[in-house]
Amino acid sequence: MVKIAVAGAKGHMGKMIIDAVWNTEGAELVCALAHKETDHVEANEDAGASLGFNSGVKISCDNETLRTSGAQVLIDFTRPEGTMAFLDICKDAGIAMVIGTTGLNAKQKQKLEEASKVIPIVFAPNMSTGVNVTNKLLAQAAKLLKDYDCEIVEMHHSRKVDAPSGTAIAMGKVIAEARGQNFEDVAVWARQGHTGPRVPGSIGFAALRGGDVVGDHQVIFAGPGERIVISHLSSSRAGYAEGSVKAAQYVVNQKPGLYSMDDVLGLK
Ligand SMILES: NC(=O)C1=CN([C@@H]2O[C@H](COP(=O)(O)OP(=O)(O)OC[C@H]3O[C@@H](n4cnc5c(N)ncnc54)[C@H](OP(=O)(O)O)[C@@H]3O)[C@@H](O)[C@H]2O)C=CC1
Ligand SMILES: O=C(O)C1=N[C@H](C(=O)O)C[C@H](O)C1
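All of these numbers come straight from a predicted model, not from anything done at the bench.

Student: Please clarify how the site of ligand 1 should be interpreted in this entry.
Tutor: By nearness alone, 26 residues border ligand 1, and Gly8, Gly11, Met13, Gly82 and Gly100 come closest of all. Secondary-structure elements contributing two or more residues to the shell around ligand 1 are α1 (12-22) and α2 (80-93). Across the shell around ligand 1, the residue classes break down as eight nonpolar, 14 polar and four charged.

Student: Mind showing me how you'd approach the environment of Gly26 here?
Tutor: Mapped onto the fold, Gly26 is located in the loop between α1 and β2 (27-33). Gly26 gets classed as exposed once you count the C-beta atoms within 10 Å, which come to 8. Measuring from C-alpha to C-alpha, the distance between Gly26 and Lys3 comes to 8.8 Å, with 23 residues separating the pair along the chain. Setting aside chain neighbours within four positions, we find Gly26 in contact with Met1, Val2 and Gln249.

Student: I'm lost on the UniProt feature "binding site: NADP(+)" (unreviewed entry) in the chain in this one. Help?
Tutor: Residues given the UniProt feature "binding site: NADP(+)" (unreviewed entry) here are Lys36. Those residues in contact with Lys36 that sit more than four places away from it in its chain are Cys61 and Asp62.

Student: What is the right way to read the sheet that holds β2 from this model?
Tutor: Each strand in a sheet pairs with its neighbour through backbone hydrogen bonds, running either in the same direction (parallel) or in the opposite one (antiparallel). Taken in spatial order, the seven strands line up as β3-β2-β1-β4-β5-β6-β12 in an open sheet, and their pairing is parallel. Edge positions in the sheet fall to β3 (59-60) and β12 (257-259), since each of these pairs with one other strand and no more. Contacting β1 (2-6), β2, β4 (73-76), β5 (96-99), β6 (120-123) and β12, helix α7 (residues 238-251) crosses the sheet at an angle of about 155° to β5.

The rules behind these values
Residues numbered from 1 in each chain as written. Chains lettered and ligands numbered in written order. Predicted model: local features only at pLDDT ≥ 70, side-chain atom pairs only at ≥ 80, totals over all residues. Near = placed C-beta within 6 Å. Helix = DSSP H or I, 4+ residues; strand = E, 2+ residues; numbered from the N terminus. Nonpolar A, V, L, I, M, F, W, Y, C, P; charged D, E, K, R; others polar. Buried ≥ 20, exposed ≤ 12 C-beta atoms within 10 Å, placed from the backbone. Contact = placed C-beta atoms within 7 Å. UniProt positions renumbered as here; feature names shortened; annotations may be inferred. Pairing = 2+ DSSP bridges. Axes fitted to C-alpha atoms, helices over the stretch in contact; angles between N-to-C directions.

Shown next, in the form of structure tokens:
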């Protein structure tokens, strides 16, 4: 039985993850943490209350309860500041981590890498099987269509706070790597005004926000007289949540290090 703690327990992903843990054989919820800055939690609220079951685990707004919860792994889908706070506790308490939070800056990613020398961490901007398989198709297409212009368009719900999405950035990195390019040199994050003609070899990004779109990614390879479009469209968050629980079951058996969903899903 893998003992799991979930951060952001009242968030969109946190709730889906608690549900996925509850419905996964061999997984046990031992701790649910909510953000103490806000008052979304009822007094003595059970982690399953808003999901229609009684988990027997009360939501805590004190991150320190993680230390004594008996958790082997923490699943974190929160915000970069939250992730950094949890890294400190997990590193100190020897608790593995599954991190799905996106929008980390270079310094925060560096801190995560440092922590992975002490504890095993799965860090992935998208935990769905479909997206991780799509990345394999993208690598192949990028090599076979190496002179085609590549543009990445993503659309997400209006609540999303980071852009482009972590998934879109990861897709750009996959394409650049397949083409032997340095991603930072070829990424074009936005266009406006007199931009001049497209720079050959660049990878352009466009981020759309609106409504309740779960997560759409479209990669366009445009060449003479034709376009090849590879799309992944999410209609539910369940795939992300199930992927995170698979990652938790995987990571508790690993040595300290930084792991990806390719490791978890055996796609390497
Ligand atoms: N890797 C993947 O497969 C996926 C990744 N994501 C990423 O997961 C993250 C969460 O997404 P989503 O669930 O939609 O967002 P939500 O805003 O619905 O949930 C985030 C939760 O984190 C809590 N939180 C915010 N700041 C802190 C903090 N400093 N410490 C502790 N908890 C905090 C929030 O609490 P409160 O509201 O009370 O502030 C909220 O409950 C995003 O970065 C998103 O991009 C999303 C889907 C899939
Ligand atoms: O914020 C979201 O919702 C999502 N975030 C992740 C990202 O930034 O790539 C994954 C998915 O697209 C949903």
